[in-house]
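A look at the structure
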Amino acid sequence: MTVLVTGLPRSGTSWTGRMLAASGELIYVNEPLNPQHPPGRCPGVLAAQVTHRFQYICDSNSASWLPAFRDTAALRYRWLAELRANHSPYDLARLVRYGTAFAFGRLTGRRALLDDPFAVLSAGWFARRLGCRVIAVVRDPVSFVASWQRLGWSVSLDELLTQPLLVRDHPEVLELRALAGSPDRVATAAALWRVTTGVLRRTPGILVVSYESLAADPVPGFRELYAYAKLRWSSAAERRITRACTGDGRAAAFAWSGLSRTAYRRMDPRLALANPARGLSSEDVERVRALTR
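Residues numbered from 1 in each chain as written. Predicted model: local features only at pLDDT ≥ 70, side-chain atom pairs only at ≥ 80, totals over all residues. Heavy atoms only, no water.

Buried within helix 13 (residues 282-292) are the following residues: D284, V285, V288 and T292. Axial view of helix 13: buried residues confined to an arc of 105 degrees, hence all on one face. Exposed residues on helix 13 whose side chains face more than 90 degrees from its buried face are S282, E283 and E286. Looking at the buried side of helix 13, the elements it contacts are helix 6 (141-151) and helix 9 (185-201). (Buried < 20%, exposed > 50% of the residue type's maximum accessible area, 1.4 Å probe, protein only. Helix = DSSP H or I, 4+ residues; strand = E, 2+ residues; numbered from the N terminus. Arc of directions from axis to C-beta. Contact = heavy atoms within 4.5 Å.)

Below, the structure written as structure tokens:
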């Protein structure tokens, strides 16, 4: 049974995924639906063409997505397709890493763990059609918007609005039309949070968890997630999680690292709770609360 960890970028999906991978029972696959390369656009990992950030997948368009993700979930790596598409020295190193990890996973009976924020709007399809155990991480909106502000991130809401099937199935997406093209990064990030979180909370068959609750007390929180994902909780996993979450006194930070291009770094997630609004004015905090209420 494949595990999918999703949620908007900067909601703690990489951290959550890595802590689940500490079980030793999963092969970590980072952001196959990311439209940027790396980590996305790797046909060895996912043999389908991603056209949007937050790609929406449903029964009406799954003809190509279903076989592609079945291969990914089964840890079948497409060596030749990857080599044809990506052949820089970095890409070759990544090919070897993922190809051998997939082969090792198949031989040892491990399952795939997909860590993909860009699957957030398609979580229901992954649960229903692929039988995934889906964990959706939701961060407090002020903390989420503040994190995007500190990184200078923004989103084109047209990525959502130009997906007709998404608008058909989730008409609340049309609320974003008034902010399309707006330079107001606080308002657009807040609107993205409101719409995606609303979709997640109405989606059956997935587990929605609070980043803040998980960060405040990681060991019991992850023990519950292990049970949900049907992973064996062990003393080794508990030690790994404890070391990773309390070991060096750093707060959560963003940095692409490793061949997987994951944002996860060893950290003390509790420190991220100390000043969640860092980078936002008091007026912006109030505005975010009003926009996401």
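Contact pair helix 1 (residues 13-21) / helix 11 (residues 218-228): the axes reach a minimum separation of 11 Å and the direction vectors enclose 70 degrees. Here helix 1 is positioned roughly perpendicular relative to helix 11, judged by the angle of their axes. Within the contact between the two elements, helix 1 uses W15, T16, M19 and L20 and helix 11 uses P218, F222, L225 and Y226. Residues belonging to the contact of helix 1 with helix 11 are distributed by class as follows: seven nonpolar, one polar and no charged. (Axes fitted to C-alpha atoms, helices over the stretch in contact; angles between N-to-C directions. Parallel < 35°, antiparallel > 145°, perpendicular 65-115°, else oblique. Nonpolar A, V, L, I, M, F, W, Y, C, P; charged D, E, K, R; others polar.)

What follows is about unusual backbone geometry. The peptide bond linking H37 to P38 adopts the cis configuration, its omega dihedral lying at -15 degrees. The topology assignment puts P38 in the loop between strand 2 (26-30) and helix 2 (62-73). The step from P38 to P39 runs through a cis peptide bond, and the omega angle for that step is 10 degrees. Despite not being glycine, K230 has its phi angle at roughly 60 degrees, a positive value. Checked against the element boundaries, K230 lands in the loop between helix 11 and helix 12 (235-246). Given the relative accessible area of 51%, K230 is considered exposed.

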